[in-house]
Each structure stands twice: as structure tokens, then as C-alpha cells.
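# Coordinates in review
What follows is each chain in one-letter form.
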Number of protein chains: 2
Amino acid sequence: MNTFSEENYLKAIFRLSQMPTVSKISTSAIAEALGNNPASVVDMIRKLTDKQLIEYDKKKGVKLTAHGQKDAIQIIRKHRLWEVFLLEKLEYRWDEIHDIAEELEHIKHSDLADRLDKFLGFPEYDPHGDPIPKANGKMAKSFSASLADGKTGGTYRVAAVRDTSSAFLQYLHKLKISIGTQIRLIEQIAFDQSLVISIDNGEPTTVSSKFVENILIS
Amino acid sequence: MNTFSEENYLKAIFRLSQMPTVSKISTSAIAEALGNNPASVVDMIRKLTDKQLIEYDKKKGVKLTAHGQKDAIQIIRKHRLWEVFLLEKLEYRWDEIHDIAEELEHIKHSDLADRLDKFLGFPEYDPHGDPIPKANGKMAKSFSASLADGKTGGTYRVAAVRDTSSAFLQYLHKLKISIGTQIRLIEQIAFDQSLVISIDNGEPTTVSSKFVENILIS
DNA sequence: TAATAAAATTAGGTTTGCCTAATTTTATTA
DNA sequence: TAATAAAATTAGGCAAACCTAATTTTATTA
Ligand SMILES: [Mn+2]
Ligand SMILES: [Mn+2]
Ligand SMILES: [Mn+2]
Ligand SMILES: [Mn+2]
């Protein structure tokens, strides 16, 4: 069994491997992702290599082995299922669930994820729009198109969020944006790339380019 | 916030303090309860004393402070609520839930216990018949009368179990005994104190004295 | 009371997962 | 290419939570 810490590393490495902008998973990228020191990452790279969960090549960086990938996906599965539970059953808010799921994802018991999955009715997506891996490890592709790539005048459906921080989710909540909301791009301001949008056909609102980059559309 | 390990010590100390047979909570009793070495317990006694969660007196042994008791009860509350969840919602068996709850009880988030409590319909007892502490820390008295103290010829209702090990619970399952089952004491065998009982008016069955000691009646 | 047994404590050590500071290796850029 | 910057690694250390072995304290019993 992997420790709490090993699991967080596997998950971070998996997440980095899914990012199209990241071509090589470096020591420093992992350190950055976890908020740890690069020296600590070197220690863990050694440990996970010994356990055959990753392969490390000075040139190519870190890569999950099949075994490591399988483990990472199971943690993500648990994380996302617990998020659905916390939102739907315990009625937590959108912005509260991630941190609690970050702890719950490490609970280990053979078929806990499967029972939870069944109890929740086999949900396809978590509350942030991320696909929930199936018991066999199969997982739908994540939404990757950003609202930032939308055309002025176009209307788009919010499918997922890229940033899952409380700050961002609380802001979305304030703007009444959630999964399924329709957003029309009215105008882009040349000065700073901020955007004027209409939320569910409401009054025009101005948001930053950083904001729209973190909204994913279907 | 207390660590996982500190919480397990607090819980063990609380449990010992509830046992009428234990007059003084000694280093060795705690070590025994947790399966740790007495030397490790000495370390932790120091730590919990510094945090003002316990008081230690060479003569009187360990005692929880008001603060320590409050923390211990909240952990027990979470443990028992999660057990109800696992049994009723995830359909785990009686003998499977304790170990999973042992992990879940340490998940920390301000109102997780309260939301879970509400979701489960404010249950009074956990699946082993132990009372679930309320949000304010109030807790019904545990059942303490043992079937071993029953009179020959008498019929008693199973209210709780003293031992919560898988081995014991699986045996109960096999004998079709659960909370609410009626047991009649038919005869005590003088040789080894084993007992002949009738379960829900069924055929006579012989069980050991150790067995009946671990069944609590109302 | 003296001998013995049990309990508690101390001393020193290990593993895990982190850190800082120094150094070495690899990339960038003038 | 040489200088500089960035990334990776090494060396050494720390806190938490355990351990074993040795010693001291307290309790029991002959
Ligand atoms: Mn999340
Ligand atoms: Mn985590
Ligand atoms: Mn239990
Ligand atoms: Mn526990």
C-alpha cells in the first residue's frame, strides 16, 4: 500500500502528465505542484522509482508506470466520488468540497469506491465537471476547450472549471455561474484582454482573461 | 488540531476511563489498548500533557482534561456516525465497518459530523449498539449489563456488543444474532461455564462464557 | 523487611517526509 | 564560446511516532 504522501505525489504527477502544455515532468514542476521543496521531490522520486510506480530519466523527466498510473487513477476516482457525495448528500457548497475530498481520497478499503459509486448512482462527472474514472480505470476525456478560445458573439455552455480553488469557485458562485450555465462573449477589451460577457442572457459583466481561461466549455 | 495519533490516544484513554473495572489509567494499560510499547506511551503522555489534553499523576494515572474529553467524544461521534453510514448506505456488513470508520473518524472539517448526522437522520445508536454522542457532546449511557449476568431461564434482548472484532461479529452473524435478537438462557454447564442458549426461540446452541460476556443486554 | 516482580522511565535508534544550504549539472543568452 | 541563470542533486538536519534495551521506581509477596 502507498502512503498518504506517495498518493499525493502520484496524483500530482498524473495531473501534470494530462496537461498538454507540460512536455516533461520535471523535479521542479512536481515541487511547484505540491508546494514542496525540490530536494524533497528528489527523495520521493527515488522512493517511487524503487516501488516501480514511476520511471525517471534525467532527459525525459518523470513518467508513471502502468502500475503507478493505475494507482493514481484510483485515487482520482475516490476524490471525485467523494466530491459528489459531499455536494449531493451532505449539501456542501461547490467551493467547500475539494479540501475535504483531499482527505477522504486516501481512505483505503478494497471496495469502498465501488460501493460509493453505486450509492451515488454511478455519476459520470464530478461537481467541477471532471470525468470520474470507472472501476476498471477507464475515464472519459476531460474538457479542454477554454472559454478564452471562444469567438466574440458566440454562446458557450460551461462544462467544467480548470481552477478548483475556493477563491475562483466562490467568485463563480457570486456571478451565478455553474456547470451548465450559458455564457455569451460580447466583447474583448483590447487594452488588457478582459471580456464583457452575458451570463444566462443576463446583463453584461466584465471579467478578466485569467477568469475565462479557467472556464472550460463543451 | 490534533494528529491522527494523538486522536487515537485520546480515544483509547476515554474508552479506558469508561470501563468500570479500570480504576487507574496506567501507562501500560494505554500501551496494551493501542498495541504500542510503554516507552512510546510515555512520549505521548508528555505531549498530550503539554497540549493540556490530559493530566498525569504518578499515583492517579492519566485523566482527560475537559478539553481532552471534548475532543475524544467528537472523534467517537464521527466514528459511530460513519459506521451507520457504511452499514446503512453503503451496505457493508456488520463486521466490516469498524476498521473503515477507524480511518474516517480522523477526517477533519468543521461541520462534517453534523452534516453526516443530519443526512443519516440523527441516529441514536451505532450498528454495534453504542450510543452516538450528540453535537453538544451529550451521550446516552452505554449498555453495560452482560448476558453473562442473566439468570438461567430468562430471555434477554441483545442491545449491544462489547467486543467489536471481526472474529466475534462474524460468529454472531453465523449464529444469526444481531441488535434486537432475543436470547433465552437454557442451561449453564458447570464444567467450563459454557451456556446453552436459544436464539429467537430456535434450537438450543452451546456457546462459551467468553461469548456471553461480550453480549450486552438492555 | 528483604527479595522479587511489575511498571515506568530513560537513553538511544529508526523511518518517513519534510526542510535549508551548498554544490553540481544543464540550459540560456550575451 | 564564455558567462550567467536555472534546475537538479547532495549533504546534513529536524520533528513525529514508533521501537529495543537498560535502568529506576513502585508494588507484591515470602
Ligand atoms: Mn477536487
Ligand atoms: Mn490528497
Ligand atoms: Mn467501531
Ligand atoms: Mn482511529
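Residues numbered from 1 in each chain as written. Chains lettered and ligands numbered in written order. Predicted model: local features only at pLDDT ≥ 70, side-chain atom pairs only at ≥ 80, totals over all residues. Heavy atoms only, no water.

### Considerations on the overall build of chain A
Along chain A, the regular secondary structure elements total eight helices and seven strands. Taken against the 2.2 N^0.38 rule, which gives 17 Å for 218 residues, the C-alpha radius of gyration of chain A at 19 Å falls within 12% of a compact globule. Along the first, second and third principal axes, the C-alpha atoms of chain A reach 55 × 45 × 25 Å. Buried residues in chain A amount to 44% of all 218 residues. Long-range contacts, defined here as pairs at least 24 residues apart, represent 58% of the contacts in chain A between residues at least 6 apart. (Helix = DSSP H or I, 4+ residues; strand = E, 2+ residues; numbered from the N terminus. Rg over C-alpha atoms; globule rule 2.2 N^0.38 Å. Buried < 20%, exposed > 50% of the residue type's maximum accessible area, 1.4 Å probe, protein only. Contact = heavy atoms within 4.5 Å.)

### Considerations on the packing of helix H2 (residues 27-34) of chain A against helix H3 (residues 38-50) of chain A
How two helices sit against one another is set out by the angle between their axes and by the gap between those axes. Residue and element names in this part refer to chain A. Two elements in contact, H2 and H3, have axes separated by 8 Å at closest approach and are oriented at 110°. As far as their axial angle goes, H3 and H2 are roughly perpendicular. The segment H2 lies against H3, with Thr27, Ile30 and Ala31 engaging Pro38, Val41, Val42 and Ile45. Along the lines of polarity and charge, the residues of the contact of H2 with H3 split into six nonpolar, one polar and no charged. (Axes fitted to C-alpha atoms, helices over the stretch in contact; angles between N-to-C directions. Parallel < 35°, antiparallel > 145°, perpendicular 65-115°, else oblique. Nonpolar A, V, L, I, M, F, W, Y, C, P; charged D, E, K, R; others polar.)

### Regarding the coordination of the manganese ion (ligand 3)
Residue and element names in this part refer to chain B. His79 (NE2), Glu83 (OE) and His98 (ND1) make up the full set of protein donors to the manganese ion (ligand 3), lying at 2.0 to 2.1 Å. For the manganese ion (ligand 3), all donor residues lie on one chain, and their spacing in sequence is H-x3-E-x14-H. Note that glutamate 83 is positioned in helix H4 (residues 66-89) and histidine 98 in helix H5 (residues 97-104), a separation of 15 residues in sequence. For glutamate 83, a relative accessible area of 0% translates into the label buried. By relative accessible area, histidine 98 is classed as partly exposed at 22%. (Donors = N, O, S within 2.8 Å, 3.2 Å for Na, K, Ca; no water.)

### Details of the coordination of the manganese ion (ligand 2)
Of the protein atoms, only Asn8 of chain A (OD1), Glu102 of chain A (O), Glu102 of chain A (OE), Glu105 of chain A (OE) and His106 of chain A (NE2) coordinate the manganese ion (ligand 2), at distances of 1.9 to 2.8 Å. Mapped onto the sequence, the residues coordinating the manganese ion (ligand 2) show the spacing N-x93-E-x2-E-H.

### Details of unusual backbone geometry
Leaving glycine aside, a negative phi is the common case for residues, and trans is the common case for peptide bonds. Positive phi, normally seen in glycine, also occurs at glutamine 52 of chain A, with a value near 60°. With respect to the secondary-structure elements, glutamine 52 of chain A resides in the loop between H3 and strand E1 (54-57).

### Comments concerning the layout of surface pockets
Residues and elements named next belong to chain B. For the largest pocket, the calculated volume is near 1,400 Å³. In this structure, the largest pocket is lined by 35 residues; those nearest its centre are Arg15, Met19, Arg80, Asp130 and Arg162. Counting residues per element, the ones that place at least two in the lining of the largest pocket are helix H1 (4-18), helix H2 (27-34), H4 and H5. For the lining of the largest pocket, the leading source of residues is H1, giving seven residues. Here the residues of the lining of the largest pocket are counted per class, giving 13 nonpolar, 11 polar and 11 charged. (1 Å grid on protein atoms, 1.4 Å probe; cavity = no way out; pocket = protein on both sides within 12 Å on 5 of 7 lines; lining within 4 Å. Points joined across faces, edges and corners; volume = space filled by probe spheres on them.)

### Examining the packing of helix H4 (residues 66-88) of chain A against helix H5 (residues 97-104) of chain A
Residues and elements named next belong to chain A. The interhelical angle for the contact between H4 and H5, taken along N-to-C directions, is 130°, at an axis separation of 9 Å. Taken together, the axes of H4 and H5 lie oblique to each other. Taken as a pair, H4 and H5 cross one another with a handedness that is right-handed. Judged by residue contacts, His79, Trp82, Glu83, Leu86 and Leu87 of H4 engage Ile97, His98, Ile100, Ala101, Glu102 and Leu104 from H5. Tallied by class, the residues present in the contact of H4 with H5 amount to seven nonpolar, two polar and two charged. (Left-handed = near helix turned anticlockwise from the far one by under 90°.)

### Side note on the interface of chain A and chain B
Taken together, the 21 residues of chain A in the interface contact 21 residues of chain B. Roughly 1,900 Å² is buried in total at the junction of chain A and chain B, and carbon and sulfur atoms are behind 66% of that figure. By the criterion of area lost to chain B, the three top residues of chain A are Leu90, Tyr92 and Arg115 of chain A, representing 29% of everything that side buries. Across the chain A-chain B interface, the total number found is two salt bridges. (Buried area = accessible area lost by both parts, 1.4 Å probe. Salt bridge = Lys/Arg side-chain N within 4 Å of Asp/Glu carboxyl O.)

### Some points on the sheet that holds strand E5 (residues 195-199) of chain A
Residues and elements named next belong to chain A. With respect to topology, five strands assemble into an open sheet ordered E6-E5-E4-E3-E7, the strand pairing being antiparallel. The strands lining the two open edges of the sheet, one partner per strand, are strand E6 (204-207) and strand E7 (215-217). For this sheet the average axis-to-axis angle between neighbouring strands, irrespective of direction, equals 50°. Bridge analysis of strand E4 (residues 182-188) against E5 gives five bridges, and the strand direction is antiparallel. Across the sheet, the residue bridging to glutamine 188 is leucine 195, located in E5. This element, helix H7 (residues 166-174), spans strand E3 (155-161), E6 and E7 of the sheet and lies at about 145° to E3. (Pairing = 2+ DSSP bridges.)

### Let's talk about the side chain of arginine 80 of chain B
Residue and element names in this part refer to chain B. Note on placement: arginine 80 falls in helix H4. Arginine 80 sits in the buried class, given a relative accessible area of 12%. Beyond its immediate stretch of four places on either side in the chain, arginine 80 contacts Asp126, Asp130, Pro131, Ile132 and Met139.

These results come straight from atomic positions and should not be treated as a statement about function.
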